[in-house]
Amino acid sequence: MRLFFFANLIILVIVTVAIKLTVTNQKNEVKILTQKIKEIEKDIEKLETDYAYISSPKKLKDINDKEFKLNPIQHEDWIILENK
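This structure is a prediction, so every number in the text was calculated from the model and none was measured. (Residues numbered from 1 in each chain as written. Predicted model: local features only at pLDDT ≥ 70, side-chain atom pairs only at ≥ 80, totals over all residues. Heavy atoms only, no water.)

*Asks:* What am I meant to see in helix α2 (residues 57-68) here?
*Replies:* Helical geometry note: an α-helix holds 3.6 residues per turn, so side chains three or four residues apart project in the same direction. Within α2, only 0 of the 12 residues are buried, which leaves the element largely exposed. At the exit of α2 stands K69, carrying a positive phi of roughly 55°. (Buried < 20%, exposed > 50% of the residue type's maximum accessible area, 1.4 Å probe, protein only. Helix = DSSP H or I, 4+ residues; strand = E, 2+ residues; numbered from the N terminus.)

And the structure:
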């Protein structure tokens, strides 16, 4: 009888330790994934901020004036193509 209780106690301890290790491992994986998600969210926020800054009309005009010097197409500049 003592052997039966002792065997059950050992099995219970082994199962408890195995479950504890599994839970700890899964918690660590969740923490790692959460950190990766936070890094990606920070990158997305930076990109959204950059896009909002760059796409503002005043900034687009400044970029055009400094780098591209593009002018809008005037009606007089249109070329009408005709099929012959």
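Back to the text.
*Asks:* Before we go on, may I ask you to explain a nonpolar patch on the surface in this structure?
*Replies:* A cluster of nonpolar residues, L9, L12, V13, V17 and L21, forms a patch on the protein surface that exposes about 470 Å² of accessible area. You can see L21 is positioned in helix α1 (residues 2-54). Taking the relative accessible area as the measure of exposure, L21 reaches 56% and is therefore exposed. (Patch = residues over 30% accessible without salt bridge, like charges linked within 9 Å, V, L, I, M, F, W, Y side chains within 5 Å. Areas by Shrake-Rupley, 256 points an atom, 1.4 Å probe, with all protein chains shown as cover. Salt bridge = Lys/Arg side-chain N within 4 Å of Asp/Glu carboxyl O.)

*Asks:* Before we go on, may I ask you to explain the environment of I10 in this structure?
*Replies:* Tracing the backbone through its elements, the reader meets I10 in helix α1. Residues I10 and L81 lie 71 residues apart in sequence; the distance between their C-alpha atoms is 91 Å.

*Asks:* It is not clear to me how the environment of K58 should be interpreted in this structure. Could you clarify?
*Replies:* Note on placement: K58 falls in helix α2. For K58, a relative accessible area of 63% gives the class exposed. Residues K58 and T34 lie 24 residues apart in sequence; the distance between their C-alpha atoms is 38 Å.

*Asks:* What exactly am I supposed to notice about the packing of aromatic side chains here?
*Replies:* In this description, an aromatic ring pair is defined by two values, namely the gap between the centres and the angle between the planes. In total, this model carries 1 aromatic pair according to the counting rule given. Between F4 and F5, the aromatic rings sit 5.7 Å apart at their centres with planes inclined by 65°, giving edge-to-face as the arrangement. (Phe/Tyr/Trp six-rings, centres within 6.5 Å; stacked < 30°, edge-to-face > 60°.)

*Asks:* Explanation requested: the pattern of salt bridges in the structure shown.
*Replies:* Between side chains of opposite charge, pairing is possible as soon as their charged atoms come close. Under the defined criterion, the tally for this structure stands at 1 salt bridge. Salt-bridge contacts for D65 lead to K61; the nearest nitrogen and oxygen are separated by 3.0 Å. Within this pair, D65 and its partner K61 are both found in helix α2, separated by 4 residues, close to a single helical turn. By relative accessible area, which is 40% here, D65 ends up partly exposed.

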